[in-house]
Amino acid sequence: MKISTKGRYGLTIMIELAKQYGQGPIPLRQIAADNHLSEAYLEQLVSPLRNSGLVKSVRGAYGGYMLSKPPHLISTADVIKVLEGPIQPVEGIENEAPPQRELWMRIRDAVKTVLDTTSLEDLAKYTDENTDENFMFYI
C-alpha cells in the first residue's frame, strides 16, 4: 500500500492543527509556509477533511481551520480513509488463491491496526527523543 501526497500532506495539516488545538483557527497559509507546501494544494485537501467533519473552518480576518474534536479522538485512520479511501494493499483480493488472500488480509489488518491506534495527539507530541517509547509497531 502506498500513501500518496494527498494522504501525506493531509496528515501534515491535521498534525499541525493538533499541535495548536485549543488556540483558535490556524490559516492554511501558515501551515503551508511552515511545512514548505503549496497553499493551493492544501486548500484542495482540507475540503474533504471539512466535509467529513474532521475539521471546521472559521471565516474572516482571523479565520482558518481547527480540529472538530480533540486530537486524541481522531485516529490517523480517520484521516487516511477520507483522503485515500479504504485501506487495501491489493485490489481484487477475493480473486486470490487462499494463501495469498490470507497474506493480503493480514497485511491490511496490521496496517489498519497501526492507523487505528495512532491518534493525531500521538503524532503531535512526537519528538526524536521519544521514538522508542511511543511507537512500537509490529507488522
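Residues numbered from 1 in each chain as written. Predicted model: local features only at pLDDT ≥ 70, side-chain atom pairs only at ≥ 80, totals over all residues. Heavy atoms only, no water.

Peer 1: Describe helix 4 (residues 76-84), and please don't skip the residues or the numbers.
Peer 2: All of the buried residues along helix 4 are Thr76, Ala77, Val79, Ile80 and Leu83. Seen from one end, helix 4 has its buried residues packed into an arc of 160 degrees, which puts them on one side. Structurally, helix 4 contributes buried residues whose contacts are with helix 1 (5-19), helix 3 (39-51), helix 5 (98-117) and helix 6 (120-124). (Buried < 20%, exposed > 50% of the residue type's maximum accessible area, 1.4 Å probe, protein only. Helix = DSSP H or I, 4+ residues; strand = E, 2+ residues; numbered from the N terminus. Arc of directions from axis to C-beta. Contact = heavy atoms within 4.5 Å.)

Peer 1: Please provide a residue-by-residue account of the pattern of salt bridges, values included.
Peer 2: A full pass over the atoms with the stated rule returns four salt bridges. Between Glu121 and Lys125 there is a salt bridge; the shortest N-O distance is 3.9 Å. Residue classification places Lys125 among the exposed residues on the basis of a relative accessible area of 55%. (Salt bridge = Lys/Arg side-chain N within 4 Å of Asp/Glu carboxyl O.)

Peer 1: Describe the pairing of strand 2 (residues 64-67), and please don't skip the residues or the numbers.
Peer 2: Two elements, strand 1 (residues 55-58) and strand 2, share four bridges in a ladder whose sense is antiparallel. The residue bridging Val58 from the neighbouring strand is Gly64, located in strand 2. Taking the residues between adjacent antiparallel strands as the criterion, strand 1 and strand 2 are bridged by five residues, where Gly60 takes a positive phi near 110 degrees. (Pairing = 2+ DSSP bridges.)

Peer 1: So, the packing of aromatic side chains: which residues are in play, and what are the values?
Peer 2: What the rule picks out here adds up to one aromatic pair. Note on Tyr9 and Tyr41: the rings are 5.7 Å apart at their centroids and 80 degrees apart in plane angle, and the pair reads as edge-to-face. On the criterion of sequence distance, the pair formed by Tyr9 in helix 1 and Tyr41 in helix 3 is long-range, its members being 32 residues apart. The exposure class assigned to Tyr9 is partly exposed, which follows from its relative accessible area of 24%. (Phe/Tyr/Trp six-rings, centres within 6.5 Å; stacked < 30°, edge-to-face > 60°.)

Peer 1: Pulling in residues and values, what's your account of the nonpolar core?
Peer 2: Soluble globular proteins tend to pack their nonpolar side chains together in the buried interior. By size, the foremost hydrophobic cluster in this structure holds 24 residues, and its most contacted members are Met14, Leu17, Leu42, Val55, Leu67, Val79 and Leu120. Not counting the four nearest positions on each side in its chain, Val79 is found in contact with Gly10, Leu11, Met14, Leu49, Leu54, Ile74 and Leu120. Ala77, Ile87, Val111 and Leu115 belong to the second largest nonpolar core, which has five residues in total. (Core = buried A, V, L, I, M, F, W, Y, C linked by side-chain atoms within 4.5 Å.)

Peer 1: Before we move on, can you summarise the packing of helix 1 against helix 2 (residues 28-35) with the specific residues and values?
Peer 2: Interaxial distance between helix 1 and helix 2 falls to 11 Å at its minimum, and their mutual angle equals 110 degrees. With respect to each other, helix 1 and helix 2 are oriented roughly perpendicular. Residue-level inspection shows Thr12, Ile13, Glu16 and Leu17 of helix 1 in contact with helix 2, the latter providing Leu28, Ile31 and Asn35. (Axes fitted to C-alpha atoms, helices over the stretch in contact; angles between N-to-C directions. Parallel < 35°, antiparallel > 145°, perpendicular 65-115°, else oblique.)

Peer 1: Can you lay out unusual backbone geometry for me, pointing to particular residues and giving the numbers?
Peer 2: Even without glycine at this site, His36 takes up a positive phi of about 55 degrees. Take His36: it is sitting in the loop between helix 2 and helix 3. With relative accessibility at 76%, the residue His36 sits in the exposed group.

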